[in-house]
Amino acid sequence: MSAPFPGSETWGDPITEILELTGARCALSRGLTAAGAWALAFPAPRRLKIQAVLQGTLWLVIEGVEQPVRLEAGEVAVFAGDRRYTLTSDPAVPSVDVLPLLRASTRPFVHAGDEGQDTVTIGGHIELDSTAKDLLLGALPPLMHVSAATAEAATACWLMDQTLGELASDRPGSSFAADHLAQLLFVQVLRAFLTDADADAYPTGWLRALADERIAPALRLMHGDPARPWTLAELARAATMSRTSFAQRFKDVAGVPPLAYLCGWRMRLAQHTLRRADTPVSAIAFDLGYGSESAFSTAFKRTTGQSPRAYRQTARPM
């Protein structure tokens, strides 16, 4: 295929493709050591937040969420960044603003509470391209809590230990290594949650469809060869369901009918290419299975409200 679509070597892996389309990058902020009674209040990060516990336990209290979440060593939480939150030894402890503490130290770790290190945790955030971030944010639940009891916990713990080692060292490239380890940790969180969580915990969308054992094979077919003119019968056969049952179940979990999902995914790939490459519109149309540039342009404008050329002109950075 001539168009540089993301994940072209690994088509059929929706997670890889979505992370590439959204430009997901996990960046670490600070580590925290704590002992005794302590509570730190954080402002809303305005970005997807990740928190990993390396040692001890803590409570995560999110504004507007009724139940605090207890995180133990080896556990990770990923949550929406639109609300303030508190990390604490006990939800009953009055919190103090974390910002003065962060401003007063340039060290990779800050400390709260008494002397000692009963608890060690690291935090970070997920950077997403503004043009496609809804693709990931809209599919994730408000909070993902990955337990140490999951099958992926051993790998997650190893990644956390390696990240801690990089943060605490002065070795060349330590910041670069730590950020890339954090990137792998985020992927591991998605894998664990996809494997162990109830699919009903997901909002309606592609991730919930991927977590559905009956629908997932059909979803992978569409992602594996988006240019193919898939029929409802072919996709239903992959799901070992009747066409009627498959179409209804797919719409229930993905939010749209199967062929509408396929069209929408093609448009996402087209938008990515138009933003990042000079591939002719006619070549993009051909690579996505359209018989003509005009047919593709009509579908693109119906989806985005702009022609492909107008989108390319407005979506590219100045």
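Look a little higher up for the structure.
The structure presented is a predicted model; accordingly, all values stated were derived computationally and were not measured. (Residues numbered from 1 in each chain as written. Predicted model: local features only at pLDDT ≥ 70, side-chain atom pairs only at ≥ 80, totals over all residues. Heavy atoms only, no water.)

Some words on the overall build of the protein chain
Stated formally: Each helix is a run of DSSP H or I of at least 4 residues and each strand a run of E of at least 2, with the numbering of both proceeding from the N terminus. For the exposure calls, accessible area comes from a 1.4 Å probe over protein chains only, and a residue counts as buried if that area is under 20% of its type's maximum, exposed if over 50%, partly exposed in between. The method behind every accessible area is Shrake-Rupley, applied with a 1.4 Å probe, and residues are considered shielded solely by the protein chains displayed. Think of it this way: Lys and Arg go in the positive column, Asp and Glu in the negative one, and His and the chain ends go nowhere. Where a charge lies is defined by one atom per residue type, namely NZ (Lys), CZ (Arg), CG (Asp) and CD (Glu).
Check the secondary structure of the protein chain and you find 13 helices and 11 strands. For the C-alpha atoms alone, the extent of the protein chain along its principal axes is close to 70 × 45 × 35 Å. Taken across its 318 residues, the protein chain has 48% of its residues classed as buried. Accessible area of the protein chain: about 15,200 Å², with a carbon and sulfur share of 53%. Treating the 30 positive side-chain charges of the protein chain as one cloud and the 33 negative ones as another, the clouds have centres 9 Å apart.

A word on the packing of aromatic side chains
Applicable threshold: Each Phe, Tyr or Trp ring, with Trp reduced to its six-membered ring, pairs with another whose centre is within 6.5 Å; inter-plane angles below 30 degrees give stacked pairs, above 60 give edge-to-face pairs, and intermediate values give tilted ones. Only Lys NZ and Arg CZ are tested; either one counts as a charge over a ring when it is within 6 Å of the ring centre and within 35 degrees of the ring normal.
Evaluation of the coordinates by the stated rule reveals seven aromatic pairs. Taken together, a centroid distance of 5.7 Å and an interplanar angle of 75° make the contact between Phe250 and Tyr261 edge-to-face. Of this pair, Phe250 sits in helix H9 (residues 243-254) while Tyr261 sits in helix H10 (residues 258-276), placing them 11 residues apart in sequence. Judged by relative accessible area, Phe250 falls into the buried class, the value being 0%. According to the relative accessible area criterion, Tyr261 is buried, its value standing at 10%. Between Phe300 and Tyr311 the ring centres are 5.5 Å apart and the planes differ by 75°, which places this aromatic pair in the edge-to-face class. One end of the pair, Phe300, is in helix H12 (residues 293-304); the other, Tyr311, is in helix H13 (residues 308-315), with 11 residues separating them in the sequence. Every member of this aromatic cluster is reached through a ring pair, and the members are Tyr290, Phe296, Phe300 and Tyr311. Here the basic side chain of Arg228 rests over the ring of Trp230, its NZ or CZ set 4.2 Å away from the ring centre. The ring centre of Tyr290 lies 5.4 Å from the NZ or CZ of Arg266, which sits over that ring.

Regarding the environment of Ala277
Tracing the chain through its elements places Ala277 in the loop between H10 and helix H11 (281-287). With relative accessibility at 13%, the residue Ala277 sits in the buried group. Measuring from C-alpha to C-alpha, the distance between Ala277 and Arg316 comes to 9.7 Å, with 39 residues separating the pair along the chain.

Overview of the packing of H10 against H12
Rules: Interaxial angles span 0 to 180 degrees and are taken between N-to-C directions of axes, which are lines fitted to C-alpha atoms, for helices over the stretch in contact. Should an angle fall under 35 degrees it is taken as roughly parallel, and over 145 as roughly antiparallel, whereas 65 to 115 is taken as roughly perpendicular and any remaining angle as oblique. Throughout, a contact is declared for two residues whenever any of their heavy atoms are within 4.5 Å. Amino acids outside the nonpolar list (Ala, Val, Leu, Ile, Met, Phe, Trp, Tyr, Cys, Pro) and the charged list (Asp, Glu, Lys, Arg) are all regarded as polar, and Gly is one of them.
At a minimum axis distance of 10 Å, the contact between H10 and H12 shows a crossing angle of 95°. Of the possible angle classes, the one that applies to H10 and H12 is roughly perpendicular. The residues of H12 that touch H10, namely those facing Cys263, Met267, Ala270, Gln271 and Leu274, are Phe296, Ala299, Phe300, Thr303 and Thr304. Taken together, the residues of the contact of H10 with H12 break down into seven nonpolar, three polar and no charged.

Overview of the environment of Leu102
Counting through the fold element by element, Leu102 comes out in helix H2 (residues 99-103). On the basis of relative accessibility, which here comes to 23%, the residue Leu102 falls in the partly exposed class. On a C-alpha basis, the gap between Leu102 and Arg30 in space is 8.5 Å, while along the polypeptide they are 72 residues apart. Every residue in contact with Leu102, bar those within four places of it in the chain, is listed here: Arg30 and Val110.

The quantities given are spatial measurements derived from coordinates; they are silent on function.
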